[in-house]
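# Descriptive structure summary
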Amino acid sequence: PKIVFEDEGIESTVLPRLARLWEVLDGANVTLMACGHMHRANFYPKGGPRGYPLVVGGGSGSSDATGTRLDVTPAALRLRQFALDGKLRLERTFA
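All figures in this text were calculated on a predicted structure; none of them were measured in a lab.

## Observations concerning the sheet that holds strand β5 (residues 66-72)
Spatially, the three strands line up as an open sheet ordered β5-β6-β7, and their pairing is antiparallel. The sheet is open, and its two edges are formed by β5 and β7 (88-94), each paired on a single side. Across the sheet, the mean angle from the axis of one strand to that of its neighbour is 10°, orientation sign disregarded.

What follows is the structure, encoded as structure tokens:
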């Protein structure tokens, strides 16, 4: 599996380069993009905003904070996202 990590906490001068990065990634057979944000946690399936699944970690306050675990093997990628209290919020496996 190919994993891409991205953080959207960027200056506006970086946006043209980020757009170019997205163009490259769209053609790179990415399995999952994992984003660290200070926004709400979310999951977008393949075909959402990108041509691949995208997981967003939340966390500007204790009510929306998350931790994300990615277990990678040659055969699959397992994604689990947890709330601050340890409860499982999201689980997906990508082969």
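## A few points about the pattern of salt bridges
Within this structure, the stated rule accounts for four salt bridges. For R50, the salt bridge goes to D26, with nearest N and O atoms at 2.8 Å. With R50 in the loop between β3 (42-44) and β4 (54-58) and D26 in helix α1 (residues 15-26), this pair connects stretches of sequence that are 24 residues apart. The class of D26 is partly exposed, set by a relative accessible area of 41%. Measuring nitrogen to oxygen at the nearest pair gives 2.6 Å for the salt bridge that ties R78 to E91. Taken together, the residues span a long stretch of sequence, with R78 in strand β6 (residues 77-83) and E91 in strand β7 at a distance of 13 residues.

## A look at the confidence of the model for the chain
Counting all residues, the mean pLDDT for the chain is 81, and 80% of those residues have values of 70 or more. Ranking the elements of the chain by mean pLDDT puts strand β1 (residues 3-7) last with 53 and β7 first with 95.

## Brief notes about unusual backbone geometry
With a phi close to 55°, N29 is a non-glycine residue in the positive phi region. Looking at the element boundaries, N29 is found in the loop between α1 and β2 (32-39).

## So, the packing of aromatic side chains
Aromatic ring pairs: the centre-centre distance and the angle between the two ring planes describe each pair. Following the criterion strictly, the structure yields one aromatic pair and no others. Look at F43 and F94: their rings are 6.5 Å apart centre to centre, the planes differ by 35°, and that puts the pair in the tilted class. In this pair, F43 sits in strand β3 while F94 sits in strand β7, placing the two residues 51 residues apart along the sequence. With relative accessibility at 17%, the residue F43 sits in the buried group. A relative accessible area of 14% means that F94 is categorised as buried. Note that R92 overlies the ring of F43, its terminal NZ or CZ placed 4.7 Å from the centroid.

What counts as what
Per chain, residues are indexed from 1 in the order of the written sequence. Local features are withheld for residues below a pLDDT of 70 in this predicted model, meaning they are given only at 70 or higher, and side-chain atom pairs are given and counted only at 80 or more; totals for whole chains, interfaces and linings count all residues. As a convention, hydrogens and water are excluded, and side-chain values are obtained from all of the structure's heavy atoms. DSSP calls a pair of strands paired once it identifies at least 2 bridges connecting them. Secondary structure elements are defined from DSSP: runs of H or I of at least 4 residues count as helices, runs of E of at least 2 residues count as strands, and each element is numbered from the N terminus. Axes here mean lines fitted to C-alpha atoms, for a helix over just the part in contact, with angles spanning 0 to 180 degrees between N-to-C directions. A side-chain nitrogen of Lys or Arg and a carboxyl oxygen of Asp or Glu constitute a salt bridge if their distance falls within 4 Å. Residue burial is assigned from relative accessible area. The probe radius is 1.4 Å, only protein chains are included, and a residue is buried under 20% of its type maximum, exposed over 50%, and partly exposed in between. Values of pLDDT, which run from 0 to 100, indicate the predictor's confidence residue by residue. Paired rings are identified among Phe, Tyr and Trp, the last through its six-membered ring, by centres lying within 6.5 Å, and are further divided according to the angle between planes into stacked (under 30 degrees), edge-to-face (over 60) and tilted (the rest). Both a distance and an angle decide whether a charge sits over a ring: NZ of Lys or CZ of Arg must be within 6 Å of the ring centre and within 35 degrees of the ring normal.

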